[in-house]
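Structural overview for review
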Amino acid sequence: MRSYFKKLFALICVLAFGVMLLGGCAKVSDKEAGTDPAATSGKNTNAGAEGQKELNVAVFEGGYGREVWDTLAKKFAEKHDGVTVNITANPKIGDVIRPQIMSGNPPDVIFLSATNESGILQSLIQDKALLCLDDIFDADMKAKFVKGVFDAPTVSPYGDGKIYSAPLFYSTMGLFYNKTLFKEKGYDVPKTWDEFFELGNKAQGDGIDLFTYAAANDPAYNEIVIWPAIASAGGYEALDNCFNYVSGAWTSDAVKKVMGVYEKIAKEGLLLDGTLAMTHTQSQEQFLQNKALFIPNGNWLENEMKDTPRAEGFEFGFTGIPVFNEGDDPCVWSNIEEIYIPSKAKEADLAKEFIKFLYEDDSILLLAENAGSLPPIVGAAEKTRSVLSDCVYETYAISEKGFVPVTGGFALTEQTEVSIRDDLFNSINNVMAGELDTEGWSKLVEEDSQKLSEILLK
Amino acid sequence: MKSGRSQREKRRFIAVCTIPTVVIYILIMVVPTINVFYMSFFKMSSLSLEKKFVGFDNFKTLIGDGKFRQAFANNIFFIVSVTAITIVLALFFAALLKQSKLKEKPFYQTVFFFPNVLSLVVIATLFIQIYDPTKGILSAGVKIIGINAPMQGWLGEATSARWCVAAAMIWQAVGYYMVMYIAGMDGIPKDLYEVADLEGMSGIKQFFYITLPLMWEIVRVTLVFFIISAINMSFVFVRLMTPTGGPNGKTEVILTYMYKQAFTNSNFGYAMTVGVFVFMFSFVLALISNAVTKRDIVQY
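Residues numbered from 1 in each chain as written. Chains lettered and ligands numbered in written order. Predicted model: local features only at pLDDT ≥ 70, side-chain atom pairs only at ≥ 80, totals over all residues. Heavy atoms only, no water.

Let us now look at the overall build of chain B. When helices and strands are tallied, chain B shows 12 helices and 2 strands. Across chain B, helices and strands are ordered from the amino to the carboxyl terminus as α-β-β-α-α-α-α-α-α-α-α-α-α-α. For a compact globule of 300 residues, the expected C-alpha radius of gyration is about 19 Å, and chain B comes in at 24 Å, more than 25% above that figure. Here chain B holds 300 residues, and the buried ones make up 41% of them. A sequence separation of at least 24 residues applies to 69% of the contacts in chain B between residues at least 6 apart. (Helix = DSSP H or I, 4+ residues; strand = E, 2+ residues; numbered from the N terminus. Rg over C-alpha atoms; globule rule 2.2 N^0.38 Å. Buried < 20%, exposed > 50% of the residue type's maximum accessible area, 1.4 Å probe, protein only. Contact = heavy atoms within 4.5 Å.)

Assigned secondary structure in chain A consists of 18 helices and 9 strands. Here chain A, with 458 residues, has 53% of them falling under the buried criterion. Restricting to contacts in chain A with at least 6 residues of sequence separation, those with at least 24 account for 75%. Entry remark: accessible area of chain A is about 19600 Å², with carbon and sulfur atoms responsible for 52%. (Areas by Shrake-Rupley, 256 points an atom, 1.4 Å probe, with all protein chains shown as cover.)

The next point concerns a negative patch on the surface. A cluster of acidic side chains, namely Asp188(A), Asp194(A), Glu195(A), Glu198(A) and Glu326(A), defines a negative patch on the protein surface. Along the chain, Glu198(A) turns up in helix H8 (residues 193-205). (Patch = residues over 30% accessible without salt bridge, like charges linked within 9 Å, V, L, I, M, F, W, Y side chains within 5 Å. Salt bridge = Lys/Arg side-chain N within 4 Å of Asp/Glu carboxyl O. Lys, Arg positive; Asp, Glu negative; His and termini not counted. Charge placed at Lys NZ, Arg CZ, Asp CG, Glu CD.)

With that out of the way, let us pick up the domain arrangement of chain A. The parts lose accessible area when they come together, and the size of an interface is often stated as this lost area. All names here are of chain A. Domain boundaries in chain A define domain 1 (47-171 + 335-388) and domain 2 (173-334 + 408-453). The straight-line distance from the C-alpha centre of domain 1 to that of domain 2 is 29 Å. Of the residues lining the interface, 14 residues belong to domain 1; the matching set on domain 2 comes to 15 residues. Summing the contributions of domain 1 and of domain 2, the shared interface buries around 1100 Å²; its carbon and sulfur component is 56%. Taken together, domain 1 and domain 2 are joined by 0 salt bridges. Put simply, domain 1 and domain 2 have 2 residue pairs in polar contact (both at pLDDT 80 or more) between them. Of the residues forming the side of domain 1 that touches domain 2, the biggest block, 3 residues, is contributed by helix H5 (residues 120-126). In terms of residue class, the side of domain 1 that touches domain 2 is made up of 6 nonpolar, 7 polar and 1 charged. (Domains from an automatic or database assignment. Buried area = accessible area lost by both parts, 1.4 Å probe. Polar contact = N/O pair within 3.5 Å; in protein donor to acceptor, adjacent residues only side chain to side chain. Nonpolar A, V, L, I, M, F, W, Y, C, P; charged D, E, K, R; others polar.)

Residue and element names in this part refer to chain B. Taken together, the side chains of Ile19, Val22, Val23, Ile24, Tyr25, Ile26, Leu27, Ile28, Met29, Val30, Val31 and Ile34 present a nonpolar region at the surface, about 1000 Å² in accessible area. One can find Val23 in helix H1 (residues 2-39). According to the relative accessible area criterion, Val23 is partly exposed, its value standing at 37%.

Below, the discussion takes up the environment of Gly313(A). Residues and elements named next belong to chain A. Topologically, Gly313 is positioned in the loop between helix H12 (301-304) and strand S7 (316-319). Between the C-alpha atom of Gly313 and that of Ser427, which follows or precedes it by 114 residues, the distance is 36 Å. In this view, Gly313 contacts Asn178 and Thr180; residues no more than four positions away in its chain are not counted.

On the chain A side, the residues contacting the 44 residues of chain B number 48 residues. Contact with chain A buries surface across chain B, with Leu47(B), Gln152(B) and Thr244(B) losing the most and accounting together for 17% of the total. Two residues, Asp423(A) and Lys67(B), come together in a salt bridge whose shortest N-O distance is 2.6 Å. One can count 20 residue pairs in polar contact (both at pLDDT 80 or more) joining chain B with chain A. Within the residue set of the side of chain B that touches chain A, elements represented by two or more residues are H1 and helix H11 (254-264) of chain B. Here the residues of the side of chain B that touches chain A are counted per class, giving 17 nonpolar, 15 polar and 12 charged.

In the structure shown here, the tally under the stated rule is 60 aromatic pairs over all chains. Consider the rings of Phe127(B) and Trp171(B), whose centres lie 5.5 Å apart with planes at 65°: the pair is edge-to-face. Taken as a pair, Phe127(B) in helix H5 (residues 120-131) and Trp171(B) in helix H7 (residues 158-186) lie far apart in primary sequence, 44 residues in all. Sitting over the face of the ring of Phe197(A), Lys264(A) holds its NZ or CZ atom 4.5 Å from the ring centroid. Positioned above the aromatic ring of Phe42(B) is the side chain of Lys51(B), whose terminal nitrogen or guanidinium carbon lies 5.9 Å from the ring centre. (Phe/Tyr/Trp six-rings, centres within 6.5 Å; stacked < 30°, edge-to-face > 60°. Lys NZ or Arg CZ within 6 Å of the ring centre and 35° of its normal.)

Time to look at the nonpolar core. Residue and element names in this part refer to chain A. By size, the foremost hydrophobic cluster in this structure holds 63 residues, and its most contacted members are Phe211, Trp227, Ile230, Trp250, Leu293 and Phe294. A per-element tally of this core places helix H9 (residues 223-243) first, with 11 residues. Ignoring sequence-local partners within four residues, the contact set of Trp227 consists of Leu239, Phe243, Trp250, Trp333, Phe410, Leu424 and Phe425. Counting 56 residues, the second-largest nonpolar core is a separate cluster that includes Ala89, Phe111, Leu131 and Leu358. (Core = buried A, V, L, I, M, F, W, Y, C linked by side-chain atoms within 4.5 Å.)

This part is about the pattern of salt bridges. Residues and elements named next belong to chain A. Following the criterion strictly, the structure yields 24 salt bridges over all chains and no others. The salt bridge involving Glu360 is made with Lys79; its shortest N-O contact spans 2.8 Å. Residue Glu360 is found in the loop between helix H13 (348-358) and helix H14 (361-371), and its partner Lys79 is found in helix H3 (residues 67-79); the two are separated by 281 residues along the sequence. Note on Lys79: relative accessible area 51%, which makes it exposed.

This part covers the confidence of the model for chain A. Residues and elements named next belong to chain A. Residues at a pLDDT of 70 or more form 89% of chain A, whose mean pLDDT is 87. Of all secondary-structure elements in chain A, the lowest mean pLDDT belongs to helix H2 (residues 37-40), at 42, while strand S5 (residues 209-211) reaches the highest, 97. When the criterion is pLDDT under 50, residues 23-49 qualifies, and its contacts beyond four places in sequence or with other chains add up to 24 contacts. (pLDDT = per-residue confidence, 0-100.)

All names here are of chain A. Summarising burial for strand S2 (residues 83-90): 7 of the 8 residues are buried, a large majority. Bridging between strand S1 (residues 53-60) and S2 involves 8 bridges; their strand directions are parallel. By the bridge assignment for S2, Lys53 is matched with Val83. (Pairing = 2+ DSSP bridges.)

With that settled, consider the packing of helix H8 (residues 190-198) of chain B against helix H9 (residues 203-214) of chain B. Any two packed helices are characterised by the angle at which their axes cross and by the distance between the axes. Residue and element names in this part refer to chain B. Direction vectors running N to C along H8 and H9 enclose 165°, while the axes themselves pass 11 Å from each other. As summarised for this structure, H8 and H9 are arranged roughly antiparallel, according to the angle between their axes. The two elements H8 and H9 meet at a crossing, and its hand is right-handed. The residues of H9 that touch H8, namely those facing Leu192, Tyr193, Ala196 and Asp197, are Gln206, Ile210, Thr211 and Leu214. The class makeup of the residues in the contact of H8 with H9 is 5 nonpolar, 2 polar and 1 charged. (Axes fitted to C-alpha atoms, helices over the stretch in contact; angles between N-to-C directions. Parallel < 35°, antiparallel > 145°, perpendicular 65-115°, else oblique. Left-handed = near helix turned anticlockwise from the far one by under 90°.)

Each disulfide consists of one covalent bond between the sulfur atoms belonging to two cysteines. Residue and element names in this part refer to chain A. Considering all chains together, one arrives at 0 disulfides over all chains under this definition. The thiol sulfur of Cys331 is not disulfide-bonded, and the nearest other cysteine sulfur, from Cys242, lies at 13 Å. According to the relative accessible area criterion, Cys331 is buried, its value standing at 5%. (Disulfide = S-S within 2.5 Å.)

Before going further, it helps to examine the packing of helix H10 (residues 253-267) of chain A against helix H18 (residues 438-453) of chain A. All names here are of chain A. The geometry of H10 relative to H18 is characterised by a closest axis approach of 9 Å and an angle of 130° between their N-to-C directions. By the criterion of interaxial angle, the relationship of H10 to H18 is oblique. The chirality of how H10 crosses H18 is right-handed. Residue-level contacts link Lys256, Met259, Gly260, Tyr262 and Glu263 of H10 to Thr438, Glu439, Trp441, Ser442 and Val445 of H18. Grouping the amino acids of the contact of H10 with H18 by side-chain chemistry returns 4 nonpolar, 3 polar and 3 charged.

Glancing now at the side chain of Gln206(B). The residue Gln206(B) is located in helix H9 in this model. A polar contact is formed between the side chain of Gln206(B) and the backbone oxygen of Met201(B), at a distance of 3.3 Å.

Below is the structure:
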C-alpha cells in the first residue's frame, strides 16, 4: 500500500512537472510578445502599480531602423506621467503581431501599411476589428490634410466616411535616374512615352538599358508607373473604375495603352538583361552602376542603398510618369502608410493620444529628419525643408513641376482566392518574358475584377 | 500473484513514461491537424476573428482554381525529379564509396554529408548567389565553355527556373541518403561479394544482383522520406529563391500557394482547404509508394 502511494506521488510529480513545462512555454512567449527590452529598461516591473499605464506600439522596421520610434516613445512618455511606451519593431512585424491579435491581445498601436505582404490591415478591416478614429480627425484636423487622403479605401473602408486608420506617412514615388549620367550623355528627362522610348533606343547605343525593376520579389513596384499612367491616359475616373472593379475598366483604352508600354519595353529589348531574376536590391544595385536609366521607386531608395557602391558622381534625380500625348495631365503616384488601433486595444485612449502626438510639429520634424517621411499635411515639406535630403525633398516637391499626385487602392472585398494584385503585377514578368501580350494581360485582370465586384466589402 | 503484480507495475511504469509524450503529441500534432480540417469549412481572415461557415464551398473553389492546379503540377515535378535524381546519385555515390578502396573515403563521406548540416535557408541563399544574373558563378562558369547564360537569369527564365530550384534540393539531399544507403550496405555480408568476385561478376552486376536486392527495405523507407521532404523542402527553397512563384508561376508549389492565400491574400479558410489537400495527398502518395515497391524481402 505504501509503495502504491509512493508511486502515485511520483506520478503526480511527473505530471506537475509536465504542466509546468508547458506553462513555462506560455509565459515566455507572453513576455516576448508584449515588450521590448530596449525601450522599457526595467520600468516594466512596476507596470502593474497604480497609475502606471503601458502602451504597446508595434511598428514596421523599414530602411530607417527603429531609433526614431524609440525617441518618439521617450518623448511621449515624458509628456504623460506614469506611461511606459514599449516599441516592438521588426521588418516582419506582421508575423510577430498576428498571434497576439488572434489571441485577443493585440498591440495598442500598429504601424504597418496596407501594402505590406502580411495583409494585417486588410484582415483587420475584413474582421471589423479596428477602432474608429473620428475623434482624432475632427473638422479642424482634417482641414490640415492633403485633399483626398481620407477617401482611400484603407482609411475609410466601409463607405460611410468614418476613419479607421490614420494616414501617417505620405510619399511620392516615381522614376529615379542618375542626374550626372544624363548631364554627361546629354539626355533629356522624357516628358512623353514617345520621348521615353526614343531615349531608350539612344541609350542602348551607349550600352545602357532603359528600365529595370524588382521582378524577382516584388514586381508590384510597378504600381508607381501603372496607376498614374492610367490616370493620365484616361483621367482619374479611369483609375477609379479600375480600383472599384467597374465592368470593362480593365479592358479600357487607357489601361491597354499603359499595358502596351510594358509590351513595348519587352519587344524592343529595352529591359535590363537579368532583371527577371533580380530582387529589389539587386536591381537597385544595377541601377546605381548605370546599367539602367530608370527604376520605379520611392524616396527611401537613397537611404536604403547608402552603403552600396555606385557609378562615379552618381546623383539621384526624380521624375513623374511620362504622358501619352502632350497636353495630358502628368501624374505621379503618392502612397500613404497607415497607423491604426485594434478595437481590442487595452489602452485605446492613450493610443489615440499617441497618434495625435505623432502629428504634432515636433514629431513631424523628428520623423522627417530620421525617417525621411512626412505626413500628408499641407506644407509639411516646406516646414521640414532644412532636415530633408535634396533627393527626398525633390520627391515631395514634384507637384511644383506640374505633376498631379494620385492615390488610391483596390476596394476591399470579402475573403477570396482571387489576388488581383498578383495577376496584375506578376504578369509584368510574363509580358517581359514574351509569354503574355497586352490583350491577354488585360483580359486576365478584367476576369479577376469581375469576380471581385460581386463580393465587395460593405 | 507476484507476476501479476509486477506485470501491473510494468504497465504503470510504461504509462508514466509515455503519457507526457502522448499528451504533447496530441496537443501539438493531432489537435492542430483536426483543426485544419475544421477550419477548411469556414470563410475567415488570417486573424480568424470572424468566421463564417461555408460548407464545402472552399473545396469547390479549389477544384476550379487554375493556379492551384499549376502549383500542384509543379509539386509533382519536384517530387518526381528530385526523388529520381537524388536516389540515383545517392546510390551511385554510396556504392562507389563502399566498393572502392579509396583512402580518403571518410573525407568524401563528410563532404557529401556536409550540406545536411547547413540550414535550408543557408543553402537557398547560397544557390541564389550561384545563380545571380550579374555576379553569379554559374553564369561566369558556362561562359568559359562558350555557352550563354539565360538572358533573364537562371531563376528568371521559365525553362530553367524549376530545374535550378530542383538542383538546390538535390544537392541538399544526396549526402543524407548516401549515408543511409552506406549504412544499409554495411549490413550486407562481405562473403557474398567475395564469392561474386571469384565467380568473375563485374562491379555493376554485383550492385544490381547483390547490393540493391539486399537493401531494398531501406530504399523503400527512403522513398516515403523523399515524398514528404520534397513537399516540405520545396516551400523553403521556392519561397526564398523565387518569392513570386517564379516566371509564369513555374515554381509555385502547393505550400507556397497555401502560404500566400493564408497570409498575403488573407483567405485563411481556403488556405486550410489547401492544407487538407496536402495532407491527403502526401498520405495517399506514401501508401501508394509503399504498395508499389512491395516485394519479398531477400534474406541472408
